[in-house]
Structures are given as structure tokens and as C-alpha cells.
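# Examining the three-dimensional arrangement
Okay, here's what each chain looks like letter by letter:
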Amino acid sequence: MPQIQSEALTAHLAGQLARLYLLHGDAPLLILEAAEAIRVAARVNGYAEREILTALPGFDWGALTTATQSLSLFGAQKIVELRIPGGKPGVTGAAALANCCKKLSDETILIVTLPKLDWKDEKAAWFTTLAQHGVVLKLDTPPLSELPRWIAGRLARQQQQADEEGLRFMAERVEGNLLAAHQEIQKLALLYTPGKLRLAEIKDAVLNVARYRIDDLREAILAGDLRRFARTLEGLRQEGEAPPLVLWAMSEEIRVMARVKAGLARGMNMDSLCRELRLWGAKQTDTRRAAENLSNKILQDALEEAAQLDRQMKGMEASGSGNVWDGFMRLGLSLCQRASPLSVARQR
């Protein structure tokens with residue numbers, strides 16, 4: 001069965017239900033909501049009983065076979081929820097899942113929930129077997145560029161609206177923390193009546209509950225978004241992120257952009273470069289665009305600056321230009337200030 005988007009789940013559940021649902025991603029809130037929607041639809045269709053299994057270390061995978069293949073004492077249809085917090089079922093679990101898929105009956109709906117998986121796990125035999133026998137929903141936290149639209153959709157559910165500035169303000173303050181975003185949106189419903197919310201009302205109500213990740217910093221560099229870069233860098237500093245990890249992430253992006261730029265200059269195919277550098281999905285387009293918008297000189301200077309910061313952190317060089325976080329800011333400033341195509345051409 002196909003993978004569907006979360007927005008299409010309601011329409012899907014209005015029709016014939018699948019025997020198996022596979023929910024995975026980095027957004028626990030969306031996974032919980034999707035699982036609840038499936039349960040509600042299942043109960044409407046007569047699946048009155050519910051059994052929950054959690055595959056922690058030492059889990060007896062025979063319990064899955066028993067739960068999905070044994071009849072209810074009262075003859076009722078039932079929902080079986082299998083939660084795999086670690087994301088990997090192991091050899092025994094993979095075999096149990098494959099066997100379960102072969103023997104799914106109309107009396108049982110199986111909901112399997114997993115955390116965010118990497119691309120290798122999504123290619124694994126156990127995952128593809130589940131995907132072939134059920135409906136897959138990948139539920140990740142919306143990126144910052146899509147978060148205002150997500151917030152607008154949530155506000156609409158409670159008959160409230162906000163203009164673009166208000167949505168952007170909320171998105172920046174709940175970035176990376178979808179559960180907090182949900183709570184802040186619910187707070188707005190409690191504080192204000194249905195209708196359009198003013199920016200001042202949103203500012204009074206919404207806290208700064210953003211969680212900053214190293215990946216957010218990398219995305220800001222590729223997008224040339226200096227405002228987001230500065231906000232994320234400060235958030236990481238305040239949260240006590242290790243400077244070597246920050247420098248590693250920034251240096252890695254610089255090296256990849258430099259290699260893409262050099263490869264394209266030699267006439268290499270972008271698909272080949274992406275395979276070599278392990279760039280997948282939107283990262284391919286973002287990296288190429290960033291590399292094309294930065295001159296060789298900017299990238300070379302950035303690599304030298306990163307090397308100097310590395311020596312500074314190791315005590316091999318004096319910090320003549322402030323602390324290491326100031327150095328990160330200077331480095332980000334050089335990478336996020338995109339030159340015009342003409343000036344890039346002149347500096348090549």
C-alpha cells in the first residue's frame with residue numbers, strides 16, 4: 001500500500017481501513033494524533049478492543065503473534081498497537097513482523113509506531129515488508145519554511161486566523177518544538193475569541209519555546225538565512241551545546257559545498273556528486289544552490305577560518321578576535337551573505 005501524507009489521513013479513514021498502519025518520524029505529537037485518529041475510525045467500524053505492546057529490550061516477540069492471531073474472548077474485532085521506541089526490531093523482531101504481515105486478518109488492525117528512522121532503516125527488509133502490507137505515514141516536524149502554514153491550519157481548527165507576520169512570529173518562537181507549538185495554539189483559543197488575532201495579542205501570549213538543533217544551523221547556512229543562523233547559534237550557545245560539535249557541523253557544510261562547486265566546475269554530473277557525498281532529498285538542491293551562490297574565495301576563506309577556530313579551541317592559537325562563539329558568528333556571516341551572480345563569477 002502507498003505512503004500517504006498526514007493531511008490525507010482523514011479522507012483515507014473515511015473509506016475502507018487498512019489492516020496495518022506504520023507511523024514513523026521525529027514528531028511525537030503528530031504520531032500520537034495519527035494513532036488516535038486511526039483508533040477512532042477503527043472503533044466506529046467495530047474494533048472495540050485494544051491491546052498495546054511495547055518492544056523494549058528483552059521483549060517477547062511471540063506476544064505479537066499471540067495478539068494478532070488469537071481471537072478475542074468476546075469475539076470482538078480489536079486494535080493491536082506495537083510501539084518500537086528504539087526503532088530497530090532486531091533479527092527476531094523482523095522475522096515476527098514478516099510472519100505477522102502474512103497472517104493479518106480482518107479481525108485485527110495493527111498500528112506500528114517508530115521514531116525517526118534513517119534512510120538505511122527505511123530500506124531494511126523488515127520495514128519494506130511492513131510498507132508493502134500497510135499504509136505508511138512519515139510524520140516529521142515541519143521545517144521553519146512550512147511551519148507558518150502548519151500553525152495557520154491549527155488556528156483554523158479553532159476558528160482563529162493570523163496574518164503572515166503573526167504566523168512568522170509564532171513559528172520562530174516554537175521552531176523545533178511541535179508539542180510546545182500545539183500548546184501555544186491551544187492557549188490562544190483559551191485567551192481570545194474566534195476571529196483574527198492581532199500581532200500584539202500573539203506576542204503577549206506566545207512564549208519563546210524554540211528548541212535549537214545543529215541541523216537547524218546547517219539548514220540556515222545552506223539557505224543563506226542570516227537571521228535564522230544568528231538566532232539558532234545563540235540558542236545553541238545558551239543551551240550549552242559543545243563548540244566542537246558546532247564547528248564540525250559548519251565545517252562539514254563548507255567542505256561539501258566546496259566539493260560540489262569543484263565537481264560541477266570539472267563537468268561532473270550532480271547525481272554522481274550527490275551519491276558520492278551522500279546527499280539525499282532536498283539536501284541535493286539546497287547544497288547545489290548554496291555552492292553556486294558562493295565564490296571559491298568565500299569557501300576557501302571559510303575553510304581557513306574554521307581551521308583557525310579549531311586551533312583556537314585546542315589552545316594552539318590565541319583568541320585575538322574574541323571567543324569561539326564570536327568566531328562562529330563571523331563564519332556564518334560570510335556564508336550567509338550571498339553575492340550576486342555577477343560578483344560570484346568575477347571571484348571564481
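First, a word on scope: everything that follows refers to the structure included in this document. (Residues numbered from 1 in each chain as written. Predicted model: local features only at pLDDT ≥ 70, side-chain atom pairs only at ≥ 80, totals over all residues. Heavy atoms only, no water.)

## Let's talk about the nonpolar core
Selection rule: The criterion is simple. A nonpolar core is a set of buried Ala, Val, Leu, Ile, Met, Phe, Trp, Tyr and Cys residues joined through side-chain atoms within 4.5 Å. Note on exposure labels: buried denotes an accessible area under 20% of the residue type's maximum, exposed denotes more than 50%, and partly exposed covers the range between, all computed with a 1.4 Å probe on protein chains only. Each helix is a run of H or I in the DSSP string that is no shorter than four residues. Each strand is a run of E no shorter than two, and both are numbered from the N terminus. By definition, residues are in contact when any of their heavy atoms lie within 4.5 Å.
Grouped together as the largest cluster of nonpolar side chains are 43 residues, with contacts concentrated most on Tyr 21, Leu 23, Trp 150, Ile 151 and Leu 155. Here the element with the most residues in this core is helix α2 (residues 28–44); it accounts for 8 residues. Discounting chain neighbours no more than four positions away, the residues touching Ile 151 are Leu 167, Met 170, Ala 171, Val 174 and Ile 185.

## Some points on the layout of surface pockets
Rolled over the atoms, a probe sized like a water molecule indicates the empty space that remains. In plain terms, the rule: With a 1 Å grid spanning the protein atoms alone, the term cavity applies to any set of points in which a 1.4 Å probe fits but cannot get out, the term pocket to an open set with protein on both sides within 12 Å along at least five of seven lines, and the term lining residue to any residue with an atom within 4 Å of a point. Grid points are joined across faces, edges and corners, and a volume is the space filled by probe spheres set on the points. When residues are sorted by character, Ala, Val, Leu, Ile, Met, Phe, Trp, Tyr, Cys and Pro go into the nonpolar class, Asp, Glu, Lys and Arg into the charged class, and all the rest, Gly among them, into the polar class.
Its volume calculated, the largest pocket comes out at about 1,500 Å³. Looking at the largest pocket, it is lined by 38 residues, and the ones nearest its centre are Lys 116, Asp 215, Glu 219, Ala 282 and Lys 283. Listed by contribution, the elements that provide at least two residues to the lining of the largest pocket are α5 (119–123), α11 (214–223), α13 (243–265) and α15 (282–293). Residue classes in the lining of the largest pocket are distributed as 13 nonpolar, 4 polar and 21 charged. Taken as a whole, the second largest pocket encloses approximately 790 Å³ of empty space. Lining the second largest pocket are 22 residues, with Ser 6, Glu 7, Leu 30, Trp 150 and Arg 154 positioned closest to its centre. At the level of elements, α1 (9–13), α2 and α7 (147–157) are the ones that each hand at least two residues to the lining of the second largest pocket. Looking at side-chain class alone, the lining of the second largest pocket contains 9 nonpolar, 5 polar and 8 charged residues.

## Side note on the pairing of strand β3 (residues 77–83)
Here is the rule we go by: When DSSP finds two or more bridges between a pair of strands, those strands are recorded as paired. Seen with the strands pointing away from the viewer, any crossover whose path from the first strand over the helix to the second strand runs clockwise is right-handed.
In terms of residue burial, β3 counts as a mostly covered element, since 5 of its 7 residues are buried. With 7 bridges joining them, strand β2 (residues 47–54) and β3 adopt parallel strand pairing. What sits directly across from Glu 51, in β3, is Val 80. One ladder, built from 6 bridges, connects β3 with strand β4 (residues 108–114); its direction is parallel. Across the sheet, residue Glu 81 finds its bridge partner in β4, namely Ile 111. After leaving β3, the chain enters helix α4 (residues 90–102) and then returns to the sheet as β4, a path that is right-handed.

## Side note on the pattern of salt bridges
Think of it this way: side chains of opposite charge can pair up when their charged atoms draw near. Filter applied, for reference: Salt bridge, as used here, is a side-chain nitrogen of Lys or Arg placed within 4 Å of a carboxyl oxygen of Asp or Glu.
Evaluation of the coordinates by the stated rule reveals 32 salt bridges. The salt bridge partner of Asp 106 is Arg 19, with a shortest N-O separation of 3.6 Å. With Asp 106 in the loop between α4 and β4 and Arg 19 in the loop between α1 and β1 (20–24), the pair connects residues that are 87 residues apart, well separated along the chain. Notably, a salt bridge pairs Arg 227 with Glu 172, separated by 3.0 Å at the nearest N-O pair. Taken together, the positions of Arg 227 in helix α12 (residues 226–238) and Glu 172 in helix α8 (residues 164–174) put the pair 55 residues apart, joining distant regions of the chain. Because the salt bridges share partners, they merge into one network encompassing Glu 172, Arg 173, Glu 175, Arg 213, Asp 216, Glu 219, Arg 227, Arg 228 and Arg 231.

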